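This is what each chain is made of:
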Amino acid sequence: MVKRLRMNSRLFIFVRLLINRSMSKTNDVGCTISQGNEGYTDEKLISPSATRNKDPILQVLKRFIISDTDQIDDESPLFLEISSGTGQHVSHFAPHFPGVKFQPSEVDKTLFKSISYYASSCSTNNINQPIFIDIQNKLSYYGFEEGSVDYMFNANMMHISPYECTIGLFENAGVYLKPEALMITYGPYSKDGVITPQSNISFHASLKSRNPMWGIRDINDLVKLAEDNNLSLIDTVEMPANNMTLIWKKD
Ligand SMILES: C[S@@+](CC[C@H](N)C(=O)[O-])C[C@H]1O[C@@H](n2cnc3c(N)ncnc32)[C@H](O)[C@@H]1O
């Protein structure tokens, strides 16, 4: 009897370990994030990929976002970022568009401290504190009104989350962007069902092995999804490291 109890408790511990491992895997959404080591507090997280791509993305944004404060009417345009990660992107963009209000968001609340750190350190003071958004839900759950968002931005989420998140992103853009407003997405994409080059093929395979619901999305599928949600692809920009920035416009 004692032996069986011991066996059961060992089995219980083993099962718990397995569950914990899979939970931490679920939380690991593929961002390699480290704590800041440049004399900042522990709250500041650094994603090496965001560090590398934030400036190339900024150069694209400068072509599409109104930065001249004289051209902006009464209220600051709202730039809503979905899945802000560490918060590095908004903090890099915001000082270049002082007339725009940046709203970071995350589904992973453990990242709020870092996003908040970056938001509070912004010299132009135009970044709101992060809010919780699971993009699979309607933005009205989080207090947004239809047709109220001027820009939506999303980097590196579509391939590293179930396709429902991509659907949610486009459905929300279709409803909550103002007419003729833009959604800008960044990441690796395939074209006509073909993934190139080999590094992206390997990346896609590694994503699938970690979670069969993840994977590089095809631009053709996204264009169909966009059309179903009154959005059109108006520009594609090749980016370093075989990524792309896609510009979507609400009809
Ligand atoms: C690879 S990280 C990218 C983070 C950041 N955008 C960047 O480029 O550094 C993927 C992000 O997608 C977010 N994410 C996953 N599922 C989500 C969901 N359902 N709604 C919103 N964000 C989600 C994760 O929390 C994570 O921050």
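The rules behind the values
- Residues numbered from 1 in each chain as written.
- Predicted model: local features only at pLDDT ≥ 70, side-chain atom pairs only at ≥ 80, totals over all residues.
- Helix = DSSP H or I, 4+ residues; strand = E, 2+ residues; numbered from the N terminus.
- Contact = placed C-beta atoms within 7 Å.
- Buried ≥ 20, exposed ≤ 12 C-beta atoms within 10 Å, placed from the backbone.
- Pairing = 2+ DSSP bridges.
- Right-handed = clockwise from strand over helix to strand, strands pointing away.
- Axes fitted to C-alpha atoms, helices over the stretch in contact; angles between N-to-C directions.
- Expected span 1.5 Å × (residues − 1).
- Bend = angle between axes of the 7 residues up to and from the residue.
- Core = buried A, V, L, I, M, F, W, Y, C linked by C-beta atoms within 7 Å.

Caption draft 1: Fine view of the overall build of the protein chain. Secondary structure summary: the protein chain contains seven helices and 12 strands in total. Contacts in the protein chain between residues far apart in sequence, at least 24 positions, make up 70% of those at least 6 positions apart.

Caption draft 2: Geometry of the pairing of strand E7 (residues 149-155). Counting buried residues along E7, seven of its seven residues qualify, which places the element largely inside the surrounding structure. As paired strands, strand E3 (residues 78-82) and E7 are joined by four bridges and run parallel to one another. Bridge pairing in E7 links Ile82 to Asn154. Pairing of E7 with strand E8 (residues 177-187), which is carried by six bridges, proceeds in the parallel orientation. From the neighbouring strand, Met152 faces E8, where its bridge partner is Met183. Each parallel crossover has a hand, and for E7 linked through helix H5 (residues 163-176) to E8 it is right-handed.

Caption draft 3: Geometry of the sheet that holds E8. An order of E4-E3-E7-E8-E12-E11 is seen for the six strands of this open sheet, with the pairing classed as mixed. One side of each edge strand has no neighbouring strand; the edge strands of this open sheet are strand E4 (101-103) and strand E11 (231-239). Taken pair by pair, the neighbouring strands of this sheet meet at an average axis angle of 20°, ignoring direction. Of the pairings in the sheet, the one linking E11 to strand E12 (residues 243-250) comprises eight bridges and is antiparallel in character. Across the sheet, residue Glu238 finds its bridge partner in E12, namely Met244.

Caption draft 4: Looking closely at the environment of Asp251. Note on placement: Asp251 falls in the segment after E12. Separated by 72 residues in sequence, Asp251 and Pro179 place their C-alpha atoms 5.9 Å apart. Not counting residues up to four positions away in its chain, the partners in contact with Asp251 are Asn230 and Ser232.

Caption draft 5: Main features of unusual backbone geometry. Geometrically, the link from Thr196 to Pro197 is a cis peptide bond, its omega value of -15° lying close to zero. Inspection of the secondary structure puts Pro197 in the loop between strand E9 (189-190) and helix H6 (198-210). Its identity as a non-glycine residue notwithstanding, Asp192 has a phi of 50°, on the positive side. Secondary-structure assignment places Asp192 in the loop between E9 and H6.

Caption draft 6: Here's a closer look at helix H2 (residues 48-64). Along its 17 residues, H2 runs 25 Å from first to last C-alpha, staying within 8% of the 24 Å computed at 1.5 Å per residue. Where H2 bends most, at Lys54, the angle is about 40°, and the proline Pro56 comes one to four residues later. Residues of H2 that are buried make contact with helix H3 (88-93), E7, E8, E11 and E12.

Caption draft 7: Structural detail: the environment of Ala94. Relative to the assigned elements, Ala94 resides in the loop between H3 and E4. You can call Ala94 buried: it has 22 C-beta atoms within 10 Å. Excluding residues that lie within four positions of it along the chain, Ala94 makes contacts with Phe102, Cys122, Thr124, Asn126 and Ile127.

Caption draft 8: Representation of the pairing of E12. Here E8 runs beside E12; their pairing, made up of six bridges, is antiparallel. Across the sheet, the residue bridging to Thr185 is Leu246, located in E12. Joining the antiparallel neighbours E11 and E12 is a turn of three residues, in which Ala241 adopts a positive phi near 60°.

Caption draft 9: Main features of the nonpolar core. If you look at the biggest cluster of nonpolar residues, it comprises 48 residues, and the most contacted ones within it are Val149, Tyr151, Met152, Ala173 and Met183. Per-element tally for this core: the top contributor is E8, with six residues. Contacts of Met152, omitting those with residues within four sequence positions, involve Leu80, Ile82, Ala173, Leu177 and Met183.

Caption draft 10: Representation of the environment of Lys178. For Lys178, the position within the fold is in strand E8. For Lys178 and Ser148, which are 30 residues apart along the polypeptide, the C-alpha to C-alpha distance reads 5.5 Å.

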